[in-house]
Amino acid sequence: VEQQTPEETIELLNTWYTLMFDAISGRGGVVNQMIGDGLMAIFGAPLPLADPCASAVRAAQEMLEMVALFNQEPDRAGKPPIHIGVGIASGAVIAGYTGTEQRATYTCVGDTVNLAARLEAHTKVAGRPLLVDGATRAALGEGCRADALGQVLFKGKTAAVEVFAVGD
C-alpha cells in the first residue's frame, strides 16, 4: 500500500470493505466498527442467530476466499497481494448503544471482544488466517475441521487460551 497513491489506497479499501461486508452480512453478521484497514463484526446481536459460531466461521471463510479471488484479478498484476487474518471468540459481551445524543453507535465490549482481537493479531504469528478460541471450536462440533495449536497466554489474560486454526 505504501507504493500506491492516496486515491488508489482509498479505492482499494472501498473494494475490500465491500467484499468483507458482503460476506459478513450474507451470514447474518453486522459490521460494528471499521478501524483503518480492519473491522469488527458481531454475530448474534442485536438480532439472535440460530448458530452464530458457524455463521461467523462461514463468513470468515468466504472473506478469505474473496481476498484470494481479488488477488488473482488481472488489474492487480504487479501489485502486492492483500492478506487478512480473522480471529473469532465466543462468549458474553456487553452490547448496546454508546455515544452522545448527536452521535451514537451500537457496539460490543468485554473480554470476548478483546480475545477476538488478540486471536486476529495472532494469525500472523501462527501463520494461519483463521483462528478461533475453545468456546467457538466446541460450538462448531465435529463437522468442522480445526487444528489445535495449543494454549497461548494473550496480553490482558490471566489464563492461557486454547487456540484452533480452522481449515484453510
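As shown above, the structure is provided for reference.
No experiment lies behind these values; they were computed from the predicted model shown.

Cut-offs and rules
- Residues numbered from 1 in each chain as written.
- Predicted model: local features only at pLDDT ≥ 70, side-chain atom pairs only at ≥ 80, totals over all residues.
- Heavy atoms only, no water.
- Helix = DSSP H or I, 4+ residues; strand = E, 2+ residues; numbered from the N terminus.
- Rg over C-alpha atoms; globule rule 2.2 N^0.38 Å.
- Buried < 20%, exposed > 50% of the residue type's maximum accessible area, 1.4 Å probe, protein only.
- Patch = residues over 30% accessible without salt bridge, like charges linked within 9 Å, V, L, I, M, F, W, Y side chains within 5 Å.
- Areas by Shrake-Rupley, 256 points an atom, 1.4 Å probe, with all protein chains shown as cover.
- Salt bridge = Lys/Arg side-chain N within 4 Å of Asp/Glu carboxyl O.
- Lys, Arg positive; Asp, Glu negative; His and termini not counted.
- Charge placed at Lys NZ, Arg CZ, Asp CG, Glu CD.
- Pairing = 2+ DSSP bridges.
- Axes fitted to C-alpha atoms, helices over the stretch in contact; angles between N-to-C directions.
- Left-handed = near helix turned anticlockwise from the far one by under 90°.
- Contact = heavy atoms within 4.5 Å.
- Nonpolar A, V, L, I, M, F, W, Y, C, P; charged D, E, K, R; others polar.

Student: Even after reading the chapter, I still don't get the overall build of the protein chain, so can you show me in this structure?
Tutor: When helices and strands are tallied, the protein chain shows four helices and eight strands. Counting from the amino terminus, helix and strand elements in the protein chain follow one another as α-β-β-α-β-β-β-α-β-α-β-β. Taking 168 residues into account, the globule formula puts the C-alpha radius of gyration at 15 Å, and the protein chain, at 17 Å, falls close to it. Once the C-alpha set of the protein chain is aligned to its principal axes, its extents read approximately 45 × 45 × 30 Å. In the protein chain, buried positions account for 36% of the 168 residues.

Student: Sorry if this is basic, but what is going on with a negative patch on the surface here?
Tutor: On the surface, a cluster of negative charge is contributed by E7, E8, E11, E73 and D75. Within the fold, E8 resides in helix α1 (residues 6–26).

Student: Explanation requested: the sheet that holds strand β6 (residues 130–133) in the structure shown.
Tutor: Within a sheet, adjacent strands bond to each other through the backbone by hydrogen bonds, running parallel or antiparallel. Spatially, four strands are ordered β3-β6-β8-β7 in an open sheet, and the strand pairing comes out mixed. Across the chains shown, the open sheet's two edge strands, defined by having one partner strand only, are β3 (86–88) and β7 (146–152). When strand polarity is set aside, the average angle formed by the axes of neighbouring strands in this sheet is 25 degrees. Here three bridges tie β6 to strand β8 (residues 161–166), and the two strands are oriented antiparallel to one another. Bridging across to β8, D133 finds its partner in V163.

Student: Hey, could you run me through the packing of α1 against helix α2 (residues 52–72) in this one?
Tutor: When two helices pack together, you describe them by how their axes are tilted relative to each other and by the distance separating the axes. Between α1 and α2, the least distance of the axes is 8 Å, while the angle of their chain directions is 145 degrees. α1 and α2 meet at a crossing whose hand is right-handed. Between α1, through L12, T15, W16, L19, M20, D22, A23 and I24, and α2, the contact on the second element is made entirely by A59, E62, M63, M66, V67 and F70. Looking at side-chain class alone, the contact of α1 with α2 contains eleven nonpolar, one polar and two charged residues.

Student: Help me understand the environment of A121 in this model?
Tutor: Looking at the secondary structure, you find A121 in helix α3 (residues 111–126). On the basis of relative accessibility, which here comes to 40%, the residue A121 falls in the partly exposed class. Between the C-alpha atoms of A121 and V86, which are 35 residues apart in sequence, the distance is 8.3 Å.

Student: What is the right way to read unusual backbone geometry from this model?
Tutor: Negative phi characterises most residues that are not glycine, and trans characterises most peptide bonds. Going from A45 to P46, the amide bond is cis rather than trans, its omega being 0 degrees. Within the secondary structure, P46 sits in the loop between β2 (38–42) and α2.

Student: In this structure, what is going on with the pairing of strand β1 (residues 30–35)? I would like to understand it.
Tutor: Across five bridges, the pairing between β1 and β2 is antiparallel. Within β2, the residue paired with V30 across the bridge is I42. Between β1 and β2, which pair antiparallel one after the other, the connecting turn spans two residues, and G36 there sits at a positive phi close to 60 degrees.

Student: Looking at this structure, how should I read the pattern of salt bridges?
Tutor: Proximity of charged atoms lets side chains of opposite charge pair with each other. In this structure the tally under the stated criterion is four salt bridges. Measuring nitrogen to oxygen at the nearest pair gives 2.7 Å for the salt bridge that ties D111 to K157. On the criterion of sequence distance, the pair formed by D111 in helix α3 and K157 in the loop between β7 and β8 is long-range, its members being 46 residues apart. Overall, the relative accessible area of 42% leaves D111 in the partly exposed class. Among the residues examined, K157 registers a relative accessible area of 23% and is labelled partly exposed. One salt bridge connects R128 with D147, and the closest N-O pair in it is separated by 2.9 Å. On the criterion of sequence distance, the pair formed by R128 in the loop between α3 and β6 and D147 in strand β7 is long-range, its members being 19 residues apart. Residue classification places D147 among the partly exposed positions, given a relative accessible area of 28%.

Function-wise, these values are silent; they only describe arrangement.
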